[in-house]
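Structural features, examined
Letter by letter, the chains look like this.
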Amino acid sequence: MKIFTDTDCGKSLSLPLSVTHFIYALFSFLFSFSFFSFSLILLFLLPAKAAQTESKPTREPESYYTQADSLETEICAAIKKEFDSLKKTKYSKKYIFAAVANIKDGRVIFTNSRDFYIKNKISPGSIIKIFNYALILKHIKNAEYNIFYCRDNLYAGGRRYNCSQKGGHGELSLEAAFYRSCNLYFKNYMPKIKRREFTAALKKCGFINETAEKKILFAPQNEYLQSVIGDKNIEVTPEKLIELIRFFAAGDSTLKPLPIGYGEVFNTAAREKINAAMRGVAINGTAAAALNGFDCAAKTGSASVSTRIENNKKIILTTAVFLGYTPYANPKYAVITFCETGAGGTDGAFIAVRLLSAADH
Ligand SMILES: [Zn+2]
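**A closer look at the overall build of the protein chain**
Tallying secondary structure elements over the protein chain gives 14 helices and nine strands in all. A total of 361 residues make up the protein chain; the buried ones form 39% of that total. Considering only intrachain contacts with a sequence separation of at least 6, the fraction spanning at least 24 residues in the protein chain is 64%.

As structure tokens, then:
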């Protein structure tokens, strides 16, 4: 049998018949195999890709939930129905937002806007006092027993400040200042603590980045006092606030994903005290009237968006935020509501209780 060598190149090849057949057969086989493989690829991959394209929604759904069990699906439908009815009545001319999440794993059971939940940064308002509470406990001597008298005016850094309550809150302990949300209490005590302690706590929990940290550290005193009541330089997503409230609701149990830093900022004793104070918000505090006995713990916030003068009176328009969990013992759900414009203790709490009560039935 003739053996091919390099030197044969260019010469006319005369091969024995059996060899020619063999090569022909080999090429035919290779060609058929390639064609067959290519067809297989077309058959399986292309429809899969098409399915992938189809599964991507072109528009964001009104509400969503992931891996919801049948009870959660039912709850989602009930909350959605209530939310839609709220939008048609009292809040038809306002923007309202709500999200309800599972405490243990953070899965969102209901939200009217996933985009707002994940991306939209809002001023937390007085919700930021959760951080102040822990810092005052840590750095102010006898913090829990000190009594502050809110007279509706406070002089600090050469300026006069009013409180949220006309006429003032009167005598307040730290706990009462928190659940009645006295701004002057916190404007009085927070400047006694190093600004770095405040920014470090917020940074450890991912509430501010370096830019915001610098702004807070170097802000004039007036601006700093707005920051400590969550009205300036601090903006977070509703998702972040849900993470915070889940930490308080779930305690040491396995939170997924485990939030870094919360355990460092809030030790067990502080967390228990803040939980009790958040219960106070619902029973005796800013949200008590709107919640009307609903079993939860919460913090309300109202951050100013604009100020106008009407008949010589200063009118401050605010956004309402309500952040809480329910029930108080063995919490199952975390909730956040937002309303522009409005107040956390009235609108925020009202929307939350309407949605959660609908889910309960
Ligand atoms: Zn006050």
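Read on for the rest.
**A word on the sheet that holds strand β8 (residues 313-326)**
Ordered by their spatial adjacency, five strands build an open sheet running β2-β1-β9-β8-β7, and the pairing between neighbours is antiparallel. The sheet is open, and its two borders are formed by β2 (108-111) and β7 (297-310), each paired with just one other strand. Each adjacent strand pair in this sheet contributes to an overall mean axis angle of 15 degrees, direction not counted. Relative to strand β9 (residues 333-340), strand β1 (residues 95-102) is paired through eight bridges, and the arrangement is antiparallel. Note on β9: the bridge partner recorded for alanine 99 is isoleucine 336. Sheet strands touched by helix α2 (residues 70-88): β1 and β2. Its angle to β2, the strand with the most contacts, is close to 20 degrees. Sitting on the sheet, helix α14 (residues 344-360) touches β1, β7, β8 and β9, and the angle it makes with β8 is about 35 degrees.

**Quick look at helix α7 (residues 195-204)**
Along α7, the residues that are buried comprise Phe198, Thr199, Ala201 and Leu202. Around the axis of α7, the buried residues are gathered within 160 degrees of arc, so they sit on the same side. Buried residues along α7 sit against α4 (129-139), α8 (210-218) and α11 (262-265). Remark: glycine 206 follows α7 within two positions and exhibits a positive phi of approximately 75 degrees.

Calculation criteria
- Per chain, residues are indexed from 1 in the order of the written sequence.
- Whole-chain, interface and lining totals are the exception, using all residues; otherwise, since this is a predicted model, local features are given only for residues with pLDDT of at least 70 and side-chain atom pairs are given and counted only at 80 or more.
- Each helix corresponds to a stretch of at least 4 residues labelled H or I by DSSP, and each strand to a stretch of at least 2 residues labelled E; elements are numbered beginning at the N terminus.
- The burial label depends on the number of other C-beta atoms within 10 Å of a residue's C-beta. Counts of 20 or more mean buried, 12 or fewer mean exposed, and intermediate counts mean partly exposed, with C-beta atoms placed from the backbone.
- By the convention adopted here, residues make contact when the C-beta atoms placed from their backbones lie within 7 Å.
- Strand pairing requires that DSSP identify at least two bridges connecting the strands.
- To obtain an axis, a line is fitted to C-alpha atoms, over the contacting stretch when the element is a helix, and the angle between two such axes runs from 0 to 180 degrees between their N-to-C directions.
- Each direction from the helix axis to a C-beta atom contributes to the arc, which is the arc of those directions.

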